Amino acid sequence: MKKRILVTGGTGYIGSHTVVELINAGFEPIIIDNLSNSNIGVLDGIKRITGVEPIFENIDLKDYVSLNKFFQKYEGIEAIINFAASKAVGESVKMPVMYYRNNITSLLNLVELMPKYGINHIVFSSSCTVYGQPDVLPVTEQSPIQPATSPYGYTKQVCENIIRDTVKATVGMKSILLRYFNPIGAHPSAEIGELPNGVPNNLLPFVTQTAIGLRSELKVFGNDYNTPDGSCIRDYIYVVDLAKAHVMAVERMLDKKMKRSVEVFNLGTGTGLSVLEIVNKFMEVSGVNLPYQIAPRREGDIEKVWADPSLANKELGWKADTPLEDVLSSCWKWELKLQERREKDQQNS
Ligand code: WQD
């Protein structure tokens with residue numbers, strides 16, 4: 001009998017890549033998603049990659065009654081991976097109430113129902129955003145948690161504390177908090193990838209949409225930072241490497257290898273890259289001359305952050321080792337696939 005893993009937000013960007021890796025590792029993922037920021041067609045993509053179409057329930061985690069009915073229907077769930085949340089920093093500043101209600105209520109419903117159904121394990125999708133602008137780099141799991149610079153970041157800090165307190169109060173409950181740095185890229189098959197709604201906030205989708213001609217030019221938000229080339233530095237991690245870390249975290253929990261009831265891991269490559277380095281590498285990999293211009297700094301951006309991933313390397317046996325060229329190629333291959341689909345849709349319409 002395959003072990004059942006509930007993946008909330010499983011039709012989303014990181015969620016869908018994690019569902020693929022769970023299937024590859026022999027688990028039975030069950031997806032809950034309200035499709036507020038994803039597309040049900042992702043299920044076909046997962047099936048084309050793995051041959052398996054996972055069970056999918058269109059449920060909003062804020063709906064306690066529906067979530068309770070879900071747990072009555074699906075027995076034997078061994079662990080939950082909770083991706084379901086709104087995640088755009090800029091949007092959260094404009095819509096704080098939606099972010100607090102969505103991200104926090106969803107988690108509260110989950111942790112309240114878990115003990116009722118004998119589910120003791122939860123992996124939580126957290127973010128390097130909790131560190132703010134670190135004083136010391138690279139960032140370790142012991143780096144101080146700085147006051148959040150956005151409602152989005154604050155919901156991650158609040159949710160981490162909800163989990164800690166619930167674990168403390170619930171016999172047998174355990175959790176692994178995974179703090180992502182900057183997820184980028186798409187599955188090598190180009191069957192699934194990042195599907196930003198509207199104008200992308202994040203760098204790579206904007207780069208590839210500019211390269212394909214959907215956007216006229218990329219704006220590089222600032223080249224007057226205290227960095228070698230003046231542009232911001234981030235730790236860009238390949239989404240498939242990130243997905244594999246979630247499988248290893250679930251296996252660590254189920255194999256009872258955890259050393260504490262709550263464990264935290266930074267998931268990054270350990271290497272910081274600037275915006276201009278990414279742009280130049282993308283042009284080299286894609287062969288596209290990317291039109292860009294230096295623009296003013298973006299409100300809320302931090303100057304530089306990258307991870308010390310040694311704890312995850314050691315305890316999870318996990319390493320983000322996909323070469324940058326391959327990661328950027330996967331971004332470009334995915335954008336080309338999306339363009340093919342857009343053109344086909346136009347022909348059919
Ligand atoms: C990266 C760099 C921009 C777009 C956010 C969230 C974080 C995580 C990842 C969820 C910055 C620059 C961007 C553009 C640019 N999400 N940039 N032109 O802000 O580091 O992190 O996404 O967990 O929580 O905060 O990612 O991709 O938006 O920006 O110059 O058109 O690219 O200024 O330096 P960010 P990003």
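For the structure itself, look to the data block above.
Conventions adopted
Here the residue numbering is sequential within each chain, running from 1 through the sequence in written order. It should be noted that, the model being predicted, local features are given only for residues of pLDDT at least 70 and side-chain atom pairs only at 80 or more, the latter also being counted only at that level, while totals for whole chains, interfaces and linings use all residues. In computing side-chain properties, one takes all heavy atoms of the structure into account and sets aside hydrogens as well as water. Among the buried residues, those of types Ala, Val, Leu, Ile, Met, Phe, Trp, Tyr and Cys that are joined through side-chain atoms within 4.5 Å form a nonpolar core. Three exposure classes are used, based on accessible area relative to the maximum for each residue type with a 1.4 Å probe and protein chains only: buried under 20%, partly exposed in between, and exposed over 50%. To qualify as a helix, a DSSP run of H or I must reach at least 4 residues; to qualify as a strand, a run of E must reach at least 2; elements of each kind are numbered from the N terminus. Only rings of Phe, Tyr and Trp enter the pairing, Trp through its six-membered ring, and a pair is recorded when the two centres are within 6.5 Å. The plane angle decides the type: under 30 degrees is stacked, over 60 is edge-to-face, the rest tilted. To estimate the expected span of a helix, count its residues, drop one, and scale the result by 1.5 Å. Residue contacts are counted whenever heavy atoms from the two residues lie within 4.5 Å of one another. Any residue with a heavy atom positioned within 4 Å of a molecule or strand is treated as near that molecule or strand. Any pair of nitrogen or oxygen atoms within 3.5 Å is treated as a polar contact; in protein, a donor-acceptor pairing is required on top of that, and neighbouring residues in sequence qualify only through side-chain atoms on both sides. Polar here means any residue other than Ala, Val, Leu, Ile, Met, Phe, Trp, Tyr, Cys and Pro, which are nonpolar, and Asp, Glu, Lys and Arg, which are charged; Gly is therefore polar.

1. Regarding the nonpolar core
The biggest cluster of nonpolar side chains holds 65 residues, and the ones touching the most others in it are I5 and L267. The leading source of residues in this core is helix 8 (residues 239–254), at nine residues. Core analysis: the next-biggest nonpolar cluster, separate from the first, contains 28 residues, L67, L113, F124 and I163 among them.

2. As for the packing of aromatic side chains
Scanning all chains against the criterion turns up five aromatic pairs. Ring centres of F70 and Y74 lie 4.8 Å apart, and the angle between their planes is 40°; on these two criteria the pair is classed as tilted. Note on accessibility: F70 and Y74 belong to one class, buried. Judged by centre distance (5.7 Å) and plane angle (85°), the ring pair of F282 and W332 falls under edge-to-face. In this pair, F282 sits in helix 9 (residues 275–286) while W332 sits in helix 11 (residues 324–348), placing the two residues 50 residues apart along the sequence.

3. Re helix 8
Helix length check: helix 8 (16 residues) gives 23 Å between terminal C-alpha atoms against 22 Å at 1.5 Å per residue, within 8%. Among the residues trailing helix 8, K256 stands out with phi positive, at a value near 55°.

4. With respect to the side chain of T8
Tracing the backbone shows T8 in strand 1 (residues 4–8). Apart from the residues within four sequence positions on either side, T8 is in contact with I32, L61, I80, I81, N82, F83, A84 and L110.

5. Topic: the site of the ligand
Lining the immediate surroundings of the ligand are 19 residues, of which T129, Y152, K219, R234 and D301 lie closest. Within the contact set of the ligand, an oxygen atom lies 3.1 Å away from a side-chain nitrogen or oxygen of N202. In the model, an oxygen atom of the ligand is placed 2.6 Å from a nitrogen or oxygen of the R234 side chain. Only helix 7 (203–211) and strand 8 (218–221) provide two or more residues apiece to the shell around the ligand. Grouping the amino acids of the shell around the ligand by side-chain chemistry returns ten nonpolar, five polar and four charged.

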